[in-house]
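Architecture at a glance
One letter stands for each residue in the lines below.
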Amino acid sequence: MAIPYMKDRPFRLAVLGDSWVTDSRCCRGERKAFSPSAEALKQQLVTSLGEVELVPAGFPGGTAQRILNLCSLCRIRDIANLSMSCYSIKGDIAAQCEHASIPTLYDLEQLGLTASEDLDLVVVVVGSNDLYYHSAEHILWHLRELKRLLCSRGLEVMMCSLFLGTREKRECPWLEQRRQAVNRKLLKEDGVIDCDGLFANFPSELWKNSFHLKREGYREFGRRLAGHVAKRFGRPTRYHVRNKAKGNRGKPGKMVHVFPGSKGFVPSILAGSYEKVSKRNHGRPVYKKISFPGTPQVMLFFWDARDGEHWSGWWFGPNMRFEHPAWAFNPSVSWEVPREGWRTISSQGGNESVQLFVSDEADVPDELTRRASCDGEKTAPLSAVVSAPKRRIVHSEAYWAKKARTSQEASR
């Protein structure tokens, strides 16, 4: 049974990176920015996700290190304004922001304004320029820190693996070795787009040179990116129903079915059927969402009070580590998955209701089937109102390294 993805606002998409996102050219003595790849990405996604709001932010010659520094200083929407004004980030970034009247996070805090990104997804296309300046270890660290920073602000992140032109591969083999070292590790992570696969059978006439594309080439690049984004977020939610009449016993183990009580991007990620896995965490069962290949992995697990009472409860997250701040939380300490009290988490403490249905069998409950056919706006939330905790990425790298070791020991 498939339930269409429903939303109450446009799909809010940012594309962040180097000249492959936004470039500039001189027009009548004035430099103007253009983003053909991002625009093509938006146009292609409209067919699968409906209305899309686009926020492009690219900087020619940009590196992962410079983009990380910029995101540490400003919101992506403000970074986009800097990009559209054709400012460079190769010099003093803070000075450039001040000159362009771009507010920093500190400025917003002093004015008592929210630093909310108000975005759903960020597609990051950066890192290839870093091959000329940094080691593979440094490039990988900058990309992971950038992803961690953006996740901590409540954003979903997709990244492209690093690309190197044919000429550079031939004339600078050490660059290719460095690129492959980064990509081997990067492609093992969730939400990373393989650029080598993306450019398979790419028409040669769309290349401007070995490292840059013509305008139509960037459009084709954007359309191919859209296929990966749509595959990850544009598919309908599927609930796994066991047909008793045909004797289909299904897989053994308890099933948990999640249905969103309100429209929204995060509830749509959580919606679906979850199957109990063999291992337990902190004395409670662990569930994994049954999903399509290429879509976000979602785990449902319990965390006890060993790190403080405010962490104790049930969590929805991509894994049971602390690299992601999680999507939803329930403070219940029950032995089984609680039905009520679920709230999605945002970096500013806002939340949305999530309806959770639990079944001992592998069948979707009749109540779920009935509600699935209703308009999401008319569905009354079942969840109780609880205070949403803060995002969990708030400590140093050394702190999280220690937490990861503790988590691994606890799960043994």
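Bear in mind the structure is a predicted one, so any value in this text is a computation, not a measurement. (Residues numbered from 1 in each chain as written. Predicted model: local features only at pLDDT ≥ 70, side-chain atom pairs only at ≥ 80, totals over all residues. Heavy atoms only, no water.)

Observations concerning the overall build of the protein chain
Here is the rule we go by: Think of it this way: any DSSP run of H or I at least four residues long counts as a helix, any run of E at least two long counts as a strand, and we number them from the N terminus. Burial status follows relative accessibility: with a 1.4 Å probe on protein chains alone, a residue under 20% of its type maximum counts as buried, one over 50% as exposed, and anything between as partly exposed. Here, two residues are considered to be in contact whenever any of their heavy atoms come within 4.5 Å of each other. To measure how exposed things are, a 1.4 Å probe is used in the Shrake-Rupley method; for residues, cover is taken only from the protein chains shown.
Per the secondary structure count, the protein chain includes 13 helices and 17 strands. Evaluated residue by residue, the protein chain yields a buried proportion of 51% over its 412 residues. Across the protein chain, every contact between residues at least 6 apart in sequence was considered, and the portion connecting residues at least 24 apart equals 65%. A total accessible area of about 19,400 Å² is found for the protein chain, and carbon and sulfur atoms account for 50% of it.

Brief notes about the side chain of Glu117
Relative to the elements of secondary structure, Glu117 occurs in the loop between helix H5 (105-110) and strand S6 (121-125). Glu117 sits in the buried class, given a relative accessible area of 2%. Contact partners of Glu117, with chain neighbours within four places excluded, come to Arg75, Ile76, Arg77, Arg153 and Leu155.

Notes on empty space enclosed by the protein
What counts is decided by this rule: Throughout, the protein atoms alone are placed on a 1 Å grid, and a set of points is a cavity if a 1.4 Å probe fits but cannot get out or a pocket if it is open with protein on both sides within 12 Å along at least five of seven lines; lining residues have an atom within 4 Å of a point. Grid points are joined across faces, edges and corners, and a volume is the space filled by probe spheres set on the points. Put simply, Ala, Val, Leu, Ile, Met, Phe, Trp, Tyr, Cys and Pro go in the nonpolar bin, Asp, Glu, Lys and Arg in the charged bin, and everything else, Gly too, in the polar bin.
Taken as a whole and judged by the stated rule, the model has two cavities of 30 Å³ or more. In this model, the second largest cavity occupies a volume close to 100 Å³. Looking at the second largest cavity, the residues that line it are Asp18, Trp20, Val125, Val126, Gly127, Ser128, Ser161, Leu162, Phe163, Cys195 and Phe211. Partitioning the lining of the second largest cavity into residue classes produces seven nonpolar, three polar and one charged.

Thoughts on the packing of aromatic side chains
To keep things clear, this is the line we draw: Working definition: rings of Phe, Tyr and Trp (its six-membered ring) pair if their centres are within 6.5 Å, and the pair is stacked with planes under 30 degrees apart, edge-to-face with planes over 60 apart, and tilted otherwise. Remark: a charge is flagged as sitting over a ring if the NZ atom of Lys or the CZ atom of Arg is within 6 Å of the ring centre and within 35 degrees of the ring normal.
Summed over all chains, the structure comprises 19 aromatic pairs. A ring pair is formed by Phe199 and Trp207, whose centres lie 5.4 Å apart and whose planes are at 40°; its orientation type is tilted. Accessibility expressed as a relative area gives 11% for Phe199, which makes it buried. Aromatic side chains Phe202 and Trp207 sit 5.8 Å apart centroid to centroid with 65° between the ring planes, which places their arrangement in the edge-to-face category. In this structure, Arg284 packs its charged tip against the face of Phe302, placed 4.1 Å from the ring centre. Between Arg284 and the ring centre of Trp335, over which it is positioned, the NZ or CZ distance is 3.8 Å.

Regarding the pairing of strand S13 (residues 299-303)
The condition is simple: At least two DSSP bridges between two strands are required for those strands to pair.
Counting buried positions over the five residues of S13 gives five, a clear majority of the element. Burial along S13 is two-sided: Met299, Phe301 and Trp303 facing one way and Leu300 and Phe302 facing the other are all buried. Relative to S13, strand S12 (residues 284-289) runs antiparallel, the two being bridged by two bridges. When the sheet's bridge partners are listed, Tyr287 is paired in S13 with Leu300. By the bridge criterion, five bridges tie S13 to strand S14 (residues 313-317) in an arrangement that is antiparallel.

Some words on the pattern of salt bridges
Cut-off, in case you're wondering: Salt bridges, as used here, are contacts in which a Lys or Arg side-chain nitrogen is within 4 Å of a carboxyl oxygen on Asp or Glu.
In this structure the tally under the stated criterion is 15 salt bridges. Between Glu117 and Arg153 there is a salt bridge, with its nearest N and O atoms 3.0 Å apart. Separated by 36 residues along the polypeptide, Glu117 in the loop between H5 and S6 and Arg153 in the loop between helix H6 (136-152) and strand S7 (156-160) bring together distant segments of the chain. Judged by its relative accessible area of 13%, Arg153 is buried. With its nearest N and O atoms 3.3 Å apart, the salt bridge here joins Glu171 to Arg167. Here the residue Glu171 and the residue Arg167 both occupy positions in helix H7 (residues 166-171), the gap between them amounting to four residues, near one helical turn. Owing to a relative accessible area of 46%, Glu171 belongs among the partly exposed residues under this scheme. Using a relative accessible area of 47% as the deciding quantity, one classes Arg167 as partly exposed. The network of salt bridges with common partners includes Glu216, Arg219, Glu220, Arg223 and Arg224.

Some points on the sheet that holds strand S2 (residues 11-17)
Cut-off, in case you're wondering: To get an axis, a line is fitted to the C-alpha atoms, and for a helix only the part in contact is used. The angle between two axes follows their N-to-C directions and goes from 0 to 180 degrees.
Strand order in this open sheet of five strands is S5-S2-S6-S7-S8, and the pairing throughout is parallel. Edge positions in the sheet fall to strand S5 (52-58) and strand S8 (192-193), since each of these pairs with one other strand and no more. Here five bridges tie S2 to S6, and the two strands are oriented parallel to one another. Looking at S6, one finds that Leu16 is bridged to Val124. Against the sheet, H6 engages S2, S6 and S7, with an angle of about 160° to S7.

Concerning the nonpolar core
When a protein is soluble and globular, its nonpolar side chains tend to lie buried together. Put simply, the test is: The criterion is simple. A nonpolar core is a set of buried Ala, Val, Leu, Ile, Met, Phe, Trp, Tyr and Cys residues joined through side-chain atoms within 4.5 Å.
Judged by nonpolar contacts, the single largest core of 48 residues is most densely connected at Leu13, Leu45, Leu225, Leu270, Tyr274, Leu300 and Phe316. Counting 44 residues, the second largest nonpolar core, distinct from the first, contains Ile93, Leu119, Val157 and Leu175.

So, the side chain of Asp304
Note the following rule: N or O atoms within 3.5 Å of each other form a polar contact, as long as, within protein, one can give a hydrogen and the other can take it, and as long as residues adjacent in sequence are counted only when both atoms are side-chain atoms.
Here Asp304 shows up in the loop between S13 and S14. Relative accessible area serves as the criterion here: at 19%, Asp304 is assigned to the buried category. Polar contacts involving the side chain of Asp304 include one to the side chain of Arg306, which spans 2.8 Å. Ignoring anything within four residues of it in the chain, the contact list for Asp304 reads His282, Trp311 and Ser312.

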